[in-house]
Amino acid sequence: MNAFLWEKIKKMNYDRNIRQRLFIFCSIIAYAVLGALCWLLLFRMILPELSWLICFMAYPAVFAGFMGGTLYLWHHDLD
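Described in the following lines is the structure provided in the data block. As the structure is a prediction and not an experimental result, all values here were calculated from the model.

### Concerning the pattern of salt bridges
For step 1, the next point in the chain: Taken as a whole and assessed by the stated rule, the structure comprises 1 salt bridge.
For step 2, the next point in the chain: Close ionic contact of Glu 7 with Lys 10 constitutes a salt bridge, the shortest N to O distance being 3.7 Å. Taken together, the residues span about one helical turn, with Glu 7 and Lys 10 both in helix α1 (residues 2–10) at a distance of 3 residues.
For step 3, the next point in the chain: A relative accessible area of 38% places Glu 7 in the partly exposed class.

Listed below in structure tokens is the structure:
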């Protein structure tokens, strides 16, 4: 997913720093939405509290979205 996001954002005519920040933001949002969808589809009946939804959104957003996006930018071509 990170490669797809970066290819779309890399084509935009913005400054390099803005593209990087936009990539990190979109990565965080995408993984939070995936976590929420996972909770809605699989665990809504088993774990019905709202706190579980927050956990299912926050952990993927931080670890896969922010940290994974940062590592992706660090290891791949930025221009």
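### Some points on the side chain of Ser 27
For step 1, the next point in the chain: Checked against the element boundaries, Ser 27 lands in helix α2 (residues 16–43).
For step 2, the next point in the chain: Since its relative accessible area comes to 0%, Ser 27 is described here as buried.
For step 3, the next point in the chain: Each residue touching Ser 27, except ones within four places of it in the same chain, is listed here: Asn 2, Leu 5, Ala 64, Gly 65 and Gly 69.

### Points about α2
For step 1, the next point in the chain: The terminal C-alpha atoms of α2 lie 39 Å apart, and with 28 residues this matches the ideal 40 Å at 1.5 Å per residue to within 8%.
For step 2, the next point in the chain: Along α2, the residues classified as buried are Arg 19, Gln 20, Phe 23, Ile 24, Ser 27, Tyr 31, Ala 32, Gly 35, Ala 36 and Trp 39.
For step 3, the next point in the chain: Tucked into the core, α2 has its buried residues touching α1 and α3 (50–75).

### Some remarks on the packing of α1 against α3
To describe two helices that pack against each other, one gives the angle between their axes and the distance between the axes.
For step 1, the next point in the chain: Axis separation between α1 and α3 bottoms out at 11 Å; the angle between their running directions is 65°. In the crossing of α1 with α3, the sense of the turn from one axis to the other is right-handed. On α3, the residues touching Asn 2, Ala 3 and Trp 6 of α1 are Gly 68, Gly 69, Tyr 72 and Leu 73.
For step 2, the next point in the chain: Looking at the contact of α1 with α3, its residues break down into 4 nonpolar, 3 polar and no charged.

### Section: a nonpolar patch on the surface
For step 1, the next point in the chain: Nonpolar side chains collect at one region of the surface, where Met 1, Phe 25, Ile 29, Val 33, Leu 34, Leu 37, Leu 40, Leu 41 and Leu 42 lie side by side and expose about 870 Å² of accessible area between them.
For step 2, the next point in the chain: Structurally, the position occupied by Leu 40 is in helix α2.

Rules used in this analysis
Residues numbered from 1 in each chain as written. Predicted model: local features only at pLDDT ≥ 70, side-chain atom pairs only at ≥ 80, totals over all residues. Heavy atoms only, no water. Salt bridge = Lys/Arg side-chain N within 4 Å of Asp/Glu carboxyl O. Helix = DSSP H or I, 4+ residues; strand = E, 2+ residues; numbered from the N terminus. Buried < 20%, exposed > 50% of the residue type's maximum accessible area, 1.4 Å probe, protein only. Contact = heavy atoms within 4.5 Å. Expected span 1.5 Å × (residues − 1). Axes fitted to C-alpha atoms, helices over the stretch in contact; angles between N-to-C directions. Left-handed = near helix turned anticlockwise from the far one by under 90°. Nonpolar A, V, L, I, M, F, W, Y, C, P; charged D, E, K, R; others polar. Patch = residues over 30% accessible without salt bridge, like charges linked within 9 Å, V, L, I, M, F, W, Y side chains within 5 Å. Areas by Shrake-Rupley, 256 points an atom, 1.4 Å probe, with all protein chains shown as cover.

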